[in-house]
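Reading the structure
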Amino acid sequence: MGDVLAGIHATWEFESDALVIRFDRGNRAPRLFGVLRERRVPHEALASVTLSPGKRGTVVLHAVPRPGADPLMEAAAGQLSENCDPYRLVLPADRETLAEYYRDELRGAVGPGTGAAYSDDPSDGGEVTPADRFLVAPPQGPQSFKAYDGKASFDGQSEVSFRWSWTGASSEKWKAGDQFFHVRDLCGVEWRSPDVLDGHLRLVPRGGEPRAPQPDRDPASVVFGLGYGPVHLSLPFAAAVLSAIRTSDRVPARTAAAPGAVAERIRHLGELHQAGLVTDEEFSAKKAELLAEL
């Protein structure tokens, strides 16, 4: 189609095979939009397109992704507020006729086989076929954010690390030491919004080993808090890791750790031992475990 429809905080461009959403990075736009910048959504990734009245003299054009099509929305798991939904385009009410035209154009462009539900009544949805793979690209590049009990980092491809904070991490996490996870050893990501109680990001290892029920005691998680792990940083992080997990080789494969990395972790373990945070037995066992990674 090639047309452009500008709304509040975002602009939609209608390509022949995709909807391109470009986000406003202004001061009044949600900070998540500024991080996302632009998203290309293939028509096959959409399940429905609706138009409904908005607040204070606006209408809302809403493109709903198919389940399983967008790693960002999969990681969010319905926890995003309406204002932060990247698939909503808010327009002045006097542009409703134009919005209806583009709604119909986009509906006609959505390919068959998605089970698209085209009713504007949310209670009148039909069966939507989930996507068998991610169709929308995740946020790109290395990412990191500061959680309450540590710093979470992802290299953008294969490794996630948690480095604990002296002031926020629990004794269980300090004893476990800084954590490094290869995406091939993970099967999922659990993101609980920092806007609610008990917000956290938790990695789900393969194998189903027993884990601490509380995220603040689980070395495979970081916890949020006031000002820590904000949505615009922690959600794109979770989406990028989830996408890497889904697209990686499904067979867990450990690679030998770099000698320098192991030496740094042993040094850190020695500091904990000297500070009395780990016992002699725990120090010896953990040191042997680290040396075995070489």
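Residues numbered from 1 in each chain as written. Predicted model: local features only at pLDDT ≥ 70, side-chain atom pairs only at ≥ 80, totals over all residues. Heavy atoms only, no water.

It is characteristic of soluble globular proteins that their nonpolar side chains tend to be buried jointly. Ranked by internal contacts, the top residues of the largest apolar core, which has 65 residues, are Trp12, Phe162, Leu201, Leu203, Val222 and Leu235. Top element by residues in this core is helix α5 (residues 231–247). It accounts for 10 residues. The residues touching Leu235, leaving out its near neighbours within four places in the chain, are Leu32, Leu72, Ala75, Ala76, Leu80, Trp191 and Pro230. Val262, Leu269, Phe283 and Leu290 belong to the second-largest nonpolar core, a separate cluster that totals 5 residues. (Core = buried A, V, L, I, M, F, W, Y, C linked by side-chain atoms within 4.5 Å. Buried < 20%, exposed > 50% of the residue type's maximum accessible area, 1.4 Å probe, protein only. Helix = DSSP H or I, 4+ residues; strand = E, 2+ residues; numbered from the N terminus. Contact = heavy atoms within 4.5 Å.)

Counting through the fold element by element, Pro71 comes out in helix α2 (residues 71–76). Since its relative accessible area comes to 0%, Pro71 is described here as buried. Ignoring anything within four residues of it in the chain, the contact list for Pro71 reads Phe134, Val136, Pro138, Ala239, Leu242 and Ser243.

Of note, Val41 is situated in strand β4 (residues 38–42). By relative accessible area, which is 1% here, Val41 ends up buried. Separated by 24 residues in sequence, Val41 and Asp17 place their C-alpha atoms 8.7 Å apart. Once residues lying within four places of it in the same chain are set aside, the contact partners of Val41 are Ala18, Leu19, Ile21, Leu46, Tyr87 and Val136.

With that settled, consider the confidence of the model for the protein chain. Within the protein chain, residue pLDDT values average 88, and 89% of them lie at 70 or more. Residue range residues 118–124 is modelled with pLDDT below 50. Its contacts to residues more than four positions away, or to other chains, number 11 contacts. Across residues 249–255 the pLDDT falls below 50, and counting only partners more than four positions away or on other chains, this stretch makes 11 contacts in the model. (pLDDT = per-residue confidence, 0-100.)

Moving on, we come to helix α6 (residues 259–274). Taking 1.5 Å of rise per residue, the 16 residues of α6 would be expected to cover 22 Å, and the 22 Å separating its terminal C-alpha atoms lies within 8% of that figure. Every buried residue of α6 is accounted for by Val262, Arg265, Ile266, His268, Leu269, Gly270 and Leu272. The inward-facing, buried residues of α6 abut α4 (171–176), β11 (179–182) and α7 (280–291). Looking at the residues trailing α6, positive phi occurs at Gly276, about 80°. (Expected span 1.5 Å × (residues − 1).)

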